[in-house]
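Here is what each chain is made of, one letter per residue.
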2 protein chains.
Amino acid sequence: MKKFTLSTLFIAGTFVAASPVWAFQPLPLHPYVPQDNPMSPAKVELGKQLFFDARLSSNGTVSCNSCHDVNGSGTDNRAVSVGVGAQTGGRSAPTVWNSAFLTAQFWDGRAATLEDQAKGPILNPIEMAMPNEQAVIERLSSIPGYKTQFKQVFGGEDSLSYNNVAKAIAAYERTLITPNSPFDRYLNGNKTALSKAALRGMKEVQAVGCTTCHNGVNFAGPALTMGVGFYQKFPTFSDSGYVKKYKLEDDLGRSAVTQNKDDQHMFRVPTWRNIALTAPYLHNGSAKTLDEAVRVMGKTQLNKDLSGQQVNDIVAFLNSLTGDFPKQSMPRLPATPNIGLINE
Amino acid sequence: MKKFTLSTLFIAGTFVAASPVWAFQPLPLHPYVPQDNPMSPAKVELGKQLFFDARLSSNGTVSCNSCHDVNGSGTDNRAVSVGVGAQTGGRSAPTVWNSAFLTAQFWDGRAATLEDQAKGPILNPIEMAMPNEQAVIERLSSIPGYKTQFKQVFGGEDSLSYNNVAKAIAAYERTLITPNSPFDRYLNGNKTALSKAALRGMKEVQAVGCTTCHNGVNFAGPALTMGVGFYQKFPTFSDSGYVKKYKLEDDLGRSAVTQNKDDQHMFRVPTWRNIALTAPYLHNGSAKTLDEAVRVMGKTQLNKDLSGQQVNDIVAFLNSLTGDFPKQSMPRLPATPNIGLINE
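Report on the accompanying structure.

Residues and elements named next belong to chain A. Under the counting rule described, the total for this entry stands at 24 salt bridges over all chains. Between Arg-110 and Asp-108 there is a salt bridge, with the nearest N and O atoms lying 3.1 Å from each other. The class of Arg-110 is partly exposed, set by a relative accessible area of 39%. As a salt-bridge pair, Arg-295 and Glu-292 come within 3.0 Å of each other at their nearest N and O atoms. Taken together, the residues Arg-295 and Glu-292, both in helix H13 (residues 290-302) and three residues apart, mark about one turn of the helix. Owing to a relative accessible area of 31%, Arg-295 belongs among the partly exposed residues under this scheme.

Residues and elements named next belong to chain B. Following Phe-234, the chain continues into Pro-235 via a peptide bond in cis, with omega recorded as -5°. Of note, Pro-235 is situated in the loop between strand E2 (229-233) and helix H11 (241-245). The omega angle of the peptide bond from Ala-279 to Pro-280 is -5°, so this bond is cis rather than trans. The topology assignment puts Pro-280 in the loop between strand E3 (266-268) and helix H13 (290-302). Phi at His-265 takes a positive value of approximately 60°, unusual for a residue other than glycine. Its location among the elements puts His-265 in the loop between helix H12 (255-258) and E3.

Time to look at the packing of aromatic side chains. Residue and element names in this part refer to chain A. Following the criterion strictly, the structure yields 30 aromatic pairs over all chains and no others. Residues Phe-24 and Phe-317 carry aromatic rings whose centres are separated by 5.8 Å and whose planes lie at 55° to one another, so their mutual orientation is tilted. On the criterion of sequence distance, the pair formed by Phe-24 in the loop between helix H2 (20-23) and helix H3 (41-52) and Phe-317 in helix H14 (residues 308-319) is long-range, its members being 293 residues apart. By the ring-pair criterion, three or more aromatic residues cluster together here, those being Phe-24, Phe-183, Phe-219, Trp-272 and Phe-317. Above the ring of Tyr-186, the side-chain terminus of Lys-191 is found at 4.3 Å from the ring centroid.

Quick look at the pairing of strand E2 (residues 229-233) of chain A now. All names here are of chain A. E2 sits mainly inside the fold: four of its five residues count as buried. Where E2 and strand E3 (residues 266-268) come together, three bridges link them in antiparallel fashion. Bridging from a neighbouring strand, Tyr-231 pairs with Arg-268 of E3.

Turning our attention to helix H5 (residues 114-123) of chain B. All names here are of chain B. Turning to H5, its buried residues number three or more, namely Leu-114, Glu-115, Gln-117, Ala-118, Pro-121 and Ile-122. One side of H5 carries all its buried residues, which in axial view fall inside an arc of 160°. Looking at the buried residues of H5, the elements they touch are helix H6 (133-141) and helix H8 (162-173).

About the cut-offs
Going along each chain's sequence as written, the residues are numbered from 1 onward. Working convention: letters from A go to chains and numbers from 1 go to ligands, in the order in which they are written. Given that this is a predicted model, residues contribute local features only at a pLDDT of at least 70 and side-chain atom pairs are listed and counted only at 80 or more, while totals for whole chains, interfaces and linings are drawn from all residues. Heavy atoms from the whole structure form the basis of all side-chain values; hydrogens and water molecules are not counted. Definition used for salt bridges: Asp or Glu carboxyl oxygen within 4 Å of a side-chain nitrogen of Lys or Arg. Each residue's exposure class comes from its accessible area (1.4 Å probe, protein chains only) as a fraction of the maximum for that residue type: buried when under 20%, exposed when over 50%, partly exposed otherwise. A run of DSSP states H or I qualifies as a helix once it reaches four residues; a run of E qualifies as a strand once it reaches two. Both are numbered from the N-terminal end. Note on aromatic pairs: the rings of Phe, Tyr and Trp (six-membered ring only in Trp) are paired at centre separations within 6.5 Å, and the planes decide the class, stacked below 30 degrees, edge-to-face beyond 60, tilted for the rest. Only Lys NZ and Arg CZ are tested; either one counts as a charge over a ring when it is within 6 Å of the ring centre and within 35 degrees of the ring normal. Paired strands are those between which DSSP finds at least two bridges. Directions drawn from the helix axis to the C-beta atoms are what define this arc. Any two residues whose heavy atoms approach within 4.5 Å are treated as being in contact.

This is how it looks when you write it as structure tokens:
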């Protein structure tokens, strides 16, 4: 996977400052769909079933939805998620809503696509804890309804593969788009869609410098090629008191993936879309409120002590980024008639 | 709560044997609704949100749906469920589907109604582990969307009460009905709805004696007054090899609730509806397959070694009891804008 780091950022930054229009774009209704994983209603439905199916975890208790609750914010609203056996990791679950617009996945960008991302947690020993891909396929193969659907959706005898599990989940995730936020309606011409505070906040995030990184349709960076992540060092100003208070330097970020010292404390820039709903905040979930997250970011990234008014206005703007959540039908998970799959 | 035990059972048993029609009734489309908790679309929708909301557990990881998955069988298809902190209990989660037709809830019948039942797991320290009712109300009161809905549904300033939480959940659960199984279609006049094996099994369950207890609309006993549970001793024939193999006498059953020695090993008779989907079986989930559960029940309850043919036919009949699951829309869980509720 390629990367887009600090050096390139400064060039982009100049451009941003000169052209706020570039920073602000409404959320498209449809995301990029890779050629090798075209969407279909049957594939999306299969992916939805898999997304909700706790049998994708070793002991049948954790599904994708457990930590990325699509009935809510697409997160679990916890600082860090809880996997099989009550294990916890060090990072907060990013929202699955609009993740299709990110050009790299995970906080450290270690997955280039939603397909790559979907493969991770299932096998992560502290998350869903399946021992290996083969075990996943064996388990799903024991569920007649999945065998049938994989064959119908992907065709052929080997249709129930780990790659296709990931493809189906990714296809479902590409439907998780929340358009029509007050901000989007404003951009689309409804000049009364934003409150005065939100309008002030919209100017403030540009003036202060937030949109140097938080730009593009998802406020997570520019429209790079899929797989090219948009990273930033966090914290940038490590002498802020917040760094110690919230243990912001405990996590080495992307360098743990690349083994490159230049990537230390580099993180993929997270989305602002629906951020009102996804507390707590920061990669480790250490900021309990959005106000505090805004203060932390102002200080650690821009070396600015934001005033109460600035924080309030910025939060008002961020609150205008909550979109419409599409109505969804519940999936019906295929059964294993007369026999249980989880034996522990 | 009253009880309906072995002594009364024998009277009913005679009646059953004389009248198979009494034993077999199609599933009604609507359950009994208590006068003090009338149904309304808004109440059902609120109950659905609560049912899916993991914030009803101490650490925000376990919802009602975690163990009673309505996307599937209404159970978690595990021997015993997993609560907060990966704790496990000793009993298998009964299905929530058609639970509205039961006249008492829990394996030991300790709740008279769905309302009473809903109050239990939220406060159970090994399940959802909220410390007390007040903590539940405080948490839900921090969620503006709930405050509004409770007021709309129940009226008044004190509308957000633990009683009303239970009422809303129960109202939702009363919509979880699965009519129109092959067996129901057969009873309603479609004589080709059952396979030959299922028809043989239908006779077999009467001839062998299963329907002495497994009768009524839910195959969980007769239509008693709500709150009057229908209990049976399990195991009845304790010299069966299955008793040791599956540790069937480890659980004292209803006597742990009543402190009455006569209630030792007494359990509420569970439903047969959708039993094909709810493996593993028995109160402790020790029987991995339905075939084995049928063999165990034949031996421990009727002292009969069922033949392979008998088991196959009975399983075929039980498989005809899988109904139609209603299409449901996903709930949208109300948010706590800009702040997280779970602080641990």
